[in-house]
Amino acid sequence: MAGAAAAAALLLVLGVLLGTHWGSSRDVPAAGSVDAGFALDMQAHHRQAVEMSTLVLDRTDDEAVRTLARDIQLTQQQQTGQMYAWLEQWGLGQGRTEPVMAWMADAGEHAGHEMGMDMADVPEGRLGSVADMPGMATVEQMDALRGADGELAERVFLQLMATHHVAGVEMAEVAAERAEDPDVRHLAQAMAQGQEAEIAVLEDLLAERGGPVAEL
Amino acid sequence: MAHSNPTSRAERTARAAELRERQRRRERRQRALVVGVTAGVVVALVAAVTGVLVLTREERAAERAALEAPVDGVQTFEDLGRDHTTGSVEYAETPPVGGDHSPAWWNCGVYAEPVVDENAVHSLEHGAVWITYDPALPAEQVDQLAAAAAPYDYTLLSPYEGLPSPVVLSAWGVQLPLQDAADERVAPFLAQYVQGDQTPEPGAACTGGVS
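In this report, the structure presented in the accompanying data block is examined. (Residues numbered from 1 in each chain as written. Chains lettered and ligands numbered in written order. Predicted model: local features only at pLDDT ≥ 70, side-chain atom pairs only at ≥ 80, totals over all residues.)

Remarks on the overall build of chain B
Each helix and strand counted, chain B has 4 helices and 6 strands in total. Traced from its N-terminal end to its C-terminal end, chain B shows the element sequence α-β-β-α-β-α-β-β-β-α. Dimensions of chain B, computed from the C-alpha atoms along their principal axes, are close to 130 × 35 × 30 Å. Relative to its 211 residues, chain B shows a buried fraction of 35%. Sequence-distant contacts in chain B: of pairs separated by 6 or more residues, those separated by 24 or more amount to 67%. (Helix = DSSP H or I, 4+ residues; strand = E, 2+ residues; numbered from the N terminus. Buried ≥ 20, exposed ≤ 12 C-beta atoms within 10 Å, placed from the backbone. Contact = placed C-beta atoms within 7 Å.)

Some thoughts on the sheet that holds strand E1 (residues 75–76) of chain B
Residues and elements named next belong to chain B. Pairing is mixed in the open sheet, where 6 strands are placed in the order E1-E6-E5-E3-E4-E2. If you trace the sheet from one side to the other, it starts and ends with E1 and strand E2 (109–110), each paired once. In this structure, strand E3 (residues 129–133) lies alongside strand E4 (residues 155–159), joined through 5 bridges in parallel fashion. When the bridges of E4 are listed, Thr 132 appears paired with Ser 158. Across the sheet, helix H2 (residues 117–125) lies against E3, E4 and strand E5 (167–171), angled at about 140° from E3, the strand it touches most. (Pairing = 2+ DSSP bridges. Axes fitted to C-alpha atoms, helices over the stretch in contact; angles between N-to-C directions.)

With respect to helix H5 (residues 150–178) of chain A
Under the 1.5 Å per step criterion, the end-to-end length of H5 of chain A is 42 Å for 29 residues, consistent within 8% with the ideal 42 Å. Buried residues dominate H5 of chain A, accounting for 22 of its 29 residues. (Expected span 1.5 Å × (residues − 1).)

Quick notes on the packing of helix H4 (residues 139–147) of chain A against H5 of chain A
Residue and element names in this part refer to chain A. Where H4 contacts H5, the two axes come as close as 8 Å, and the packing angle between them is 150°. Here H5 runs roughly antiparallel to H4, going by the angle between their axes. The interaxial crossing formed by H4 with H5 has left-handed handedness. Taking contact as the criterion, the partners of Gln 141, Ala 144 and Leu 145 in H4 are, on H5, Ala 153, Val 156, Phe 157 and Leu 160. Within the contact of H4 with H5, the residues separate by chemical class into 6 nonpolar, 1 polar and no charged. (Parallel < 35°, antiparallel > 145°, perpendicular 65-115°, else oblique. Left-handed = near helix turned anticlockwise from the far one by under 90°. Nonpolar A, V, L, I, M, F, W, Y, C, P; charged D, E, K, R; others polar.)

Describing the packing of H5 of chain A against helix H6 (residues 182–208) of chain A
Residues and elements named next belong to chain A. Viewed as axis vectors pointing N to C, H5 and H6 meet at an angle of 155°, and their least axial separation amounts to 8 Å. For the element pair H5 / H6, the angle class is roughly antiparallel. At the point where H5 passes H6, the crossing takes the left-handed sense. When its residues are assigned to classes, the contact of H5 with H6 shows 16 nonpolar, 5 polar and 6 charged.

Overview of unusual backbone geometry
With glycine set apart, most residues show a phi of negative sign, and most peptide bonds adopt trans. The peptide bond linking Thr 94 of chain B to Pro 95 of chain B adopts the cis configuration, its omega dihedral lying at -10°. Relative to the helices and strands, Pro 95 of chain B resides in the loop between E1 and E2. Positive phi, close to 70°, is recorded for Met 101 of chain A, a residue that is not glycine. On the neighbour-count criterion, Met 101 of chain A (25 C-beta atoms within 10 Å) is buried. A positive phi angle, close to 55°, is found at Asp 79 of chain B, a residue other than glycine. Inspection of the secondary structure assignment puts Asp 79 of chain B in the loop between E1 and E2.

Structure below.
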């Protein structure tokens, strides 16, 4: 009797799981998956890194900084294209049906607030804000980069990009661990490793140029 | 010495058997009770968890469906020019939804002052949604529009003189005039047209231009 009840309960649970996780989706990641959230949010995160790199390239002749900026700019622009294409292939497009960073909401210490989310002055809507993603430079910080030149521009860039990369690595690590699609896990892992290595370079170059800008 | 009394022995045996039987029945009842209650609790728990799962899933699905459903009132425009020009352009729509435009796109973001049509049209070509509002729109509604735009980095928000309605949402080749920023169609329009299928140049940037 207990066996029969347990078997019935098990069947019920299996049925629900099949219904929620299999029956509703195709064989590609669905809206609300870690894969889809990562592909959308990391694109926006990357696009700001590309923007910062583009800005510093126009503001310094320093070959070491320019080479690093070009590396980040070209790598992240290409990776953005990969993530864009995944979403198109999965039939999801680039629109939002889930809040920004929701795919990391239950990732424990990785979650946004523990990462020191930078609350912008934009009012919070139901779907959140890309400006509030961890590691994103604020409007004021981007303006500081736009308004700087030469070594000051290099320092602002190196400092903002180091912060940006630290958060980028945490996001990529969660996706590398939790995404269902092996291609997503693979690229996320590569991002985590690549950006981790770049953080050391960013910090070295920053130290050689007088360290962080206090008023930033 | 034992007085062997066949009657009383038979009685005792029968009584013992009856006691054993009663004991057995009691145990069976208890076992049945324990099994029954346990099974009941398990089934109730499973039912509760199932209910929550199904409800949450249905709520999420309903929210998602609302964002993905076709948006009422969207006007579409075809045969839009795509040439670059440094001159000013006469656009048929207010604000423009496409056509010839400046070589430089206007950087996506939130602007308190009007932006330049010829640059903004180039941003539409790159997949931006341009949210325009009458300069007289109450600040609270402007905030609502900013909150609606915040989940995206491919939006332009700016005041616009002479709009046909207090709020107008535009993407390349599509437009939605609205009376109020709280209109429920704002979020679905953004979800469907920010870097949507109508974008002539998917993947092109909305930073690194002018502002």
